[in-house]
Amino acid sequence: MKLRSVRGTHDIFGKEIKKFNRISNIVSKNAYLKDFKEIQTPIFEFSDLFKKPLGELSDVVLKEMYSFKDRNNEFLTLRPEYTTPMIRAAITNNLLNDLPLKIFGIGPMFRRERPQKGRFRQFNQINFEILGTKDFLADVELILLSNKILKELLPKSVIRLQINSLGDKKNLIDFKKNLTKYFNNHKKKLSEESITKIDTNPLRILDSKNEADIELSKSSPKIYEYLTNEAKKHYEDLKRALNMLEINFEENPNLVRGLDYYCNTVFEYKSDNLGSQDTLLGGGRYDGLIKVLGGPDLPGIGWAAGIERLALLMDAENETSSSVHIAVTDEKFNNHFLNLQKYLLENKISYYWNYKYNLKKSFTKANTSQASYIIIIGENELNGNFFTIKNLINGEQKELKLNQIFNHLNDKSR
Ligand code: HAM
């Protein structure tokens, strides 16, 4: 049998692992600044943990879970998302005694979806949750945090934040009934896939990508008209705060989420540079979920972002660090080179050297790797106690003392 990896999985190395580590560092730094505590849960859980909360009729539960029976005849599932395992861990470890509980986690999730650009069967998520408060300021805090992390990772990308409110569970039931009625009346115009959802999951028709479904959804009943006064106030308070904080957002009355546990605020960040899998980050409130999972009746809110999708956008921004290559023309100059290595490490400048003592080969490697600079060490450099630095983008060459290198690289590369 030909050796291959499983469809929809991918190995992470080279440039990719650098991006993953960078994402993880920025996430952890921001999490600790805002006092979120890290949590890691097992990759598999009992299957029942996911079925009801995610929705027995949701795509994830119906088609996408990797479930298996182990030797004790227990049904286990590779986690398709992080919110339910995190809540399970909070309940079983008695973390809900001190509220609100602010937790975050980073790790792999598993969904058997059709693989395509930005969509994998094993993918990685960043996940933030606040458990135990209904306050709209928790919604604001989480959106603000997502905004800050995305800006740090993707300073040049245009990313659109969309928000909506689904209201509480009761008005959601009324809304679903009317939506089912509306789509049944216009059944002929719907796509085949959406027809199967009319009675089971009509909300999902609202975020169908089929043109005919989109057209029909434009005149469908709108959730806002069903919201209770309390839900409306929560939503209006949130919008006012986002405006005050100058966070741009669009209201999308058809924004619903793929998992069943949401109510009140829902939000997503989308990018036009991701192809059809255009959602980078998604989340919302899930008041009632903790109780469904066997815990106390507490509210909660959170979001998750796909690391692979973040990495794709980082590529589009050409965000890999401007690299520095070294060319040493002969072993005789190793001491001069060691001084340079010490200096580069102390100043946190990453560099690449091919161990070849060959100017031509070092230049070829630097050019094929699209390095920005090459530092040359030879006879002249040793005798004059300087280093020759060539900018490979504009061809400019300079002879610099060791202590001038940092400023030069930073002036030119930023
Ligand atoms: P979700 O919208 O299912 O939400 O997933 C969140 C993000 O994970 C998506 O926006 C996307 O970037 C990434 N993602 C999802 N599926 C895949 C895939 N097959 N391949 C690559 N990336 C993917 C949740 O999972 C909720 N638990 C979020 C949440 C947290 N809600 C409240 N708290």
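Check the entry above for the structure.
For the structure given in this document, a descriptive report is provided here. Values in this document were obtained by computation on a predicted structure and should not be read as measured data.

**Some words on the overall build of the protein chain**
Then comes step 1: Regarding its fold elements, the protein chain presents 15 helices and 16 strands.
Then comes step 2: Taken over the C-alpha atoms alone, the protein chain extends approximately 85 × 60 × 50 Å along its principal axes.
Then comes step 3: Within the protein chain, the fraction of its 414 residues that count as buried is 49%.
Then comes step 4: Taking the intrachain contacts of the protein chain between residues at least 6 apart in sequence as the baseline, contacts between residues at least 24 apart amount to 70%.
Then comes step 5: Only carbon and sulfur atoms are counted for the fraction: they give 50% of the accessible area of the protein chain, which is about 21,800 Å².
Then comes step 6: Both charge centroids of the protein chain, one from 63 positive and one from 53 negative side chains, sit 4 Å from each other.

**Side note on the packing of aromatic side chains**
Then comes step 1: Per the counting criterion, the structure on display carries 13 aromatic pairs.
Then comes step 2: Between F128 and W303 the ring centres are 4.9 Å apart and the planes differ by 40°, which places this aromatic pair in the tilted class. In this pair, F128 sits in strand β6 (residues 122-131) while W303 sits in strand β11 (residues 300-306), placing the two residues 175 residues apart along the sequence. Considered together, F128 and W303 belong to a single accessibility category, that of buried residues.
Then comes step 3: Measuring from centroid to centroid gives 4.3 Å for W353 and Y355, while their planes differ by 40°, and the two rings are tilted.
Then comes step 4: Three or more aromatic residues joined by ring pairs make a cluster, and in this case those are Y32, F36, F104, F128 and W303.

**Some details on the site of the ligand**
Then comes step 1: Around the ligand there are 27 residues in total, and E81, E113, F120, R257 and Y262 lie nearest to it.
Then comes step 2: Y262 has a polar side-chain atom sitting 2.6 Å from a nitrogen atom of the ligand.
Then comes step 3: Isolated, the ligand exposes 660 Å² of accessible area, and the fraction of that covered by the protein chains is 95%.
Then comes step 4: When residues of the shell around the ligand are traced back to their parent elements, those giving at least two are β6, β10 (279-285) and β11.
Then comes step 5: Element by element, the count of residues in the shell around the ligand is highest for β10, at six residues.

**A closer look at the nonpolar core**
Then comes step 1: With 44 residues, the main nonpolar core has L131 and F183 as its most contacted residues.
Then comes step 2: No other element matches helix α6 (residues 169-185), which puts five residues into this core.
Then comes step 3: Excluding its chain neighbours within four sequence positions, the residues that come into contact with F183 are L190, I198, P202, I205, L206, L216, S217 and S220.
Then comes step 4: Membership of the second largest hydrophobic core comes to 39 residues, among which are A31, I163, L281 and I301.

**Considerations on the sheet that holds strand β13 (residues 351-352)**
Then comes step 1: Spatially, β13-β12-β14-β15-β16 is the arrangement adopted by the five strands of the open sheet, whose pairing is mixed. Whereas interior strands pair on both sides, the edge strands pair on one side only; in this sheet they are β13 and β16 (397-400).
Then comes step 2: Relative to strand β14 (residues 373-377), strand β12 (residues 324-328) runs parallel, the two sharing five bridges. Pairing of V324 across the sheet is with Y373, part of β14.

**Things to note about the sheet that holds strand β4 (residues 75-78)**
Then comes step 1: Here three strands make up an open sheet; going across it, the order is β2-β4-β3 and the pairing antiparallel. Looking at the sheet topology across the chains shown, the edges are occupied by β2 (44-46) and β3 (67-69). Pairwise comparison of adjacent strand axes, ignoring direction, gives a mean angle of 35° for this sheet.
Then comes step 2: One ladder, built from three bridges, connects β2 with β4; its direction is antiparallel. Paired with F46 across the two strands is L76, which belongs to β4.

**Thoughts on a nonpolar patch on the surface**
Then comes step 1: On the surface, a cluster of nonpolar side chains totalling about 260 Å² of accessible area is made up of I43, F44 and F68.
Then comes step 2: Judged by relative accessible area, I43 falls into the partly exposed class, the value being 35%.

**Thoughts on the environment of P100**
Then comes step 1: You can see P100 is positioned in the loop between α4 (83-92) and β5 (101-110).
Then comes step 2: Distance from P100 to P299, taken between C-alpha atoms, is 9.8 Å for residues 199 residues apart in sequence.
Then comes step 3: If sequence neighbours within four positions are ignored, P100 has contacts with I130, L131 and T133.

**Here we look at the packing of helix α1 (residues 15-33) against helix α5 (residues 136-153)**
Then comes step 1: Closest axis-to-axis distance for the α1/α5 pair is 10 Å, and the angle between their directions is 145°. Relative to α5, the crossing made by α1 is right-handed. Residue-level contacts link R22, I23, I26, V27, K29, N30 and L33 of α1 to L145, K148, I149, E152 and L153 of α5.

The rules behind the values
Residues numbered from 1 in each chain as written. Predicted model: local features only at pLDDT ≥ 70, side-chain atom pairs only at ≥ 80, totals over all residues. Heavy atoms only, no water. Helix = DSSP H or I, 4+ residues; strand = E, 2+ residues; numbered from the N terminus. Buried < 20%, exposed > 50% of the residue type's maximum accessible area, 1.4 Å probe, protein only. Contact = heavy atoms within 4.5 Å. Areas by Shrake-Rupley, 256 points an atom, 1.4 Å probe, with all protein chains shown as cover. Lys, Arg positive; Asp, Glu negative; His and termini not counted. Charge placed at Lys NZ, Arg CZ, Asp CG, Glu CD. Phe/Tyr/Trp six-rings, centres within 6.5 Å; stacked < 30°, edge-to-face > 60°. Near = heavy atom within 4 Å. Polar contact = N/O pair within 3.5 Å; in protein donor to acceptor, adjacent residues only side chain to side chain. Core = buried A, V, L, I, M, F, W, Y, C linked by side-chain atoms within 4.5 Å. Pairing = 2+ DSSP bridges. Axes fitted to C-alpha atoms, helices over the stretch in contact; angles between N-to-C directions. Patch = residues over 30% accessible without salt bridge, like charges linked within 9 Å, V, L, I, M, F, W, Y side chains within 5 Å. Salt bridge = Lys/Arg side-chain N within 4 Å of Asp/Glu carboxyl O. Left-handed = near helix turned anticlockwise from the far one by under 90°.

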